[in-house]
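Residues per chain, in single letters:
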Amino acid sequence: MLREQAERLAALFGQRQFAAVLREGAPLAAAYPNVVFVRNLLGAAAAELGRIDDAVQHFSAVVRIAPDKAESHNNLGLALGRRGAYADAAACFREARRLNPADPGAAVNLGGALLALGQPEAAIESLEAALAAAPGLPMALGNLGLALKDAGRLAEAADRFREVLRTAPRDVETIVNLAAVLAEMGRTEEAVAQYEAALAIDPKNVPALRNLGVALKSLGRRDRAAECYERALTLAPGDAETLNNLGLVDMERGRKDAAVARFAAATEARPEYAAAHNNLGLALLESGRIKAAGEAFDRAMQLDPDDPNPRINRARAANSQAPLWHIAMM
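Keep in mind that what you see is a predicted model, and the values were worked out from it rather than measured.

Another aspect to go through is the layout of surface pockets. By volume, the largest pocket is sized at about 250 Å³. Along the wall of the largest pocket there are 13 residues; nearest its centre are Leu78, Gly81, Asn109, Gly112 and Ala113. If you list the elements that add at least two residues to the lining of the largest pocket, you get helix H5 (70-83), helix H6 (86-99), helix H7 (104-116) and helix H9 (138-150). Class assignment for the residues of the lining of the largest pocket results in seven nonpolar, five polar and one charged. In this structure, the second largest pocket occupies an estimated 170 Å³ of space.

Two side chains bearing opposite charge may form a pair once their charged atoms approach each other closely. Overall, the coordinates contain 22 salt bridges when judged by the stated rule. For glutamate 252, the salt bridge is made with arginine 222, and the minimal N-O distance between the two is 2.6 Å. Placement of glutamate 252 in helix H15 (residues 240-252) and of arginine 222 in helix H14 (residues 222-235) is noted, with a sequence separation of 30 residues between them. Take arginine 222: its relative accessible area is 34%, and that puts it in the partly exposed class. Beyond isolated ion pairs, a larger network of salt bridges with shared partners links Asp223, Glu230, Asp250, Arg253 and Arg262.

If you look at the biggest cluster of nonpolar residues, it comprises 79 residues, and the most contacted ones within it are Val21, Leu76, Tyr195 and Leu212. Among the elements that line this core, the one with the most residues is helix H11 (residues 172-184), at seven residues. Ignoring anything within four residues of it in the chain, the contact list for valine 21 reads Leu9, Leu12, Phe13, Ala26, Leu41, Leu42 and Ala45. By size, the runner-up hydrophobic cluster in this structure holds eleven residues, among which are Ala259, Leu280, Leu284 and Ala296.

Turning our attention to the side chain of asparagine 278. Tracing the chain through its elements places asparagine 278 in helix H17 (residues 274-286). Asparagine 278 gets classed as buried once you look at its relative accessible area, which sits at 8%. Once residues within four sequence positions are removed from consideration, asparagine 278 is found in contact with Phe297, Ala300, Asn309, Pro310 and Asn313.

Let's shift gears to the packing of helix H13 (residues 206-218) against H14. The N-to-C vectors of H13 and H14 enclose an angle of 160°; their axes lie 8 Å apart at closest approach. The pairing of H13 with H14 is recorded here as roughly antiparallel in orientation. Between H13 and H14 lies a crossing whose hand is left-handed. For the pair formed by H13 and H14, the contact residues are Val206, Leu209, Arg210, Leu212, Gly213, Val214, Leu216 and Lys217 on the first element and Arg224, Ala225, Cys228, Tyr229, Arg231, Ala232 and Leu235 on the second.

Turning our attention to the environment of threonine 188. Mapped onto the elements, threonine 188 comes out in helix H12 (residues 188-201). The exposure class of threonine 188 is buried, given its relative accessible area of 16%. As for threonine 188 and cysteine 92, which are separated by 96 residues in sequence, their C-alpha atoms are 40 Å apart. In contact with threonine 188, other than residues within four places in its own chain, are Leu182, Ala215, Ser218 and Leu219.

Reading the values: rules and limits
- Residues numbered from 1 in each chain as written.
- Predicted model: local features only at pLDDT ≥ 70, side-chain atom pairs only at ≥ 80, totals over all residues.
- Heavy atoms only, no water.
- 1 Å grid on protein atoms, 1.4 Å probe; cavity = no way out; pocket = protein on both sides within 12 Å on 5 of 7 lines; lining within 4 Å.
- Points joined across faces, edges and corners; volume = space filled by probe spheres on them.
- Helix = DSSP H or I, 4+ residues; strand = E, 2+ residues; numbered from the N terminus.
- Nonpolar A, V, L, I, M, F, W, Y, C, P; charged D, E, K, R; others polar.
- Salt bridge = Lys/Arg side-chain N within 4 Å of Asp/Glu carboxyl O.
- Buried < 20%, exposed > 50% of the residue type's maximum accessible area, 1.4 Å probe, protein only.
- Core = buried A, V, L, I, M, F, W, Y, C linked by side-chain atoms within 4.5 Å.
- Contact = heavy atoms within 4.5 Å.
- Axes fitted to C-alpha atoms, helices over the stretch in contact; angles between N-to-C directions.
- Parallel < 35°, antiparallel > 145°, perpendicular 65-115°, else oblique.
- Left-handed = near helix turned anticlockwise from the far one by under 90°.

Fair warning: the whole summary comes from geometry, so function is off the table for now.
Laid out in structure tokens, this is it:
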């Protein structure tokens, strides 16, 4: 009976009927709480449906039932990572590596968690260990490229991304990552070519459109940059970063009112976006709306106290309100 039900759950999972897995698996898990296979299916189905807390609960149960299994800790780490609990996820992946040092998967996942924690050098070490166990593993190479980029080792990062593209030339995410590294290296024309290559494969790729706009703007091609941002907004209408970038282009083209509208929309889409509040203040200041500009700068300072720009701009706004005294000569 249990075997038949478990096989049915596995079949439903294979058919991507995740809601059915949860519906039919819940009573089975209640009747047989220590069956790891069922719990793993429930955790994976919950994760696929975005029910991360449920996934963490199921995989935590698996760890309690089978603490000596590397995959138990690895799966829990993946769920915790989806929740944003990267430190806890890293601890799970380390335990998975300890239990099964030969498996490169946990080393790749640990590298990803360390990268999210802002520890690129530690991530590089873990990802290189994964590649030593499985040379050429695409996910390890891609994540290693990201870690090298974060560590400032840009040429090495570009080499890793190119290595991925040798076996997967149409991997759009990797093409976009390579382009970003080239842009950071100052090789902007090459970056533009890579972004355009990515868009030839996937014309609806918002990060590629947005980053192509940034690269074109840096080359002074403002109209083409604006076209990229407009296309990105048709695909992701409320994207705060794209709205902010388009506002910057409008400012450079002297379209102050349009810039104010873009920056205001960016702050509405993402109220904690300090840079957009600062840019809104600048646009308002340029438009002569001094009081509103000061309020925008105040909000930017609250959101990012370490950034000196809103404070400097706030002083500019205050000075512009000072009366112009006229003193007669003696």
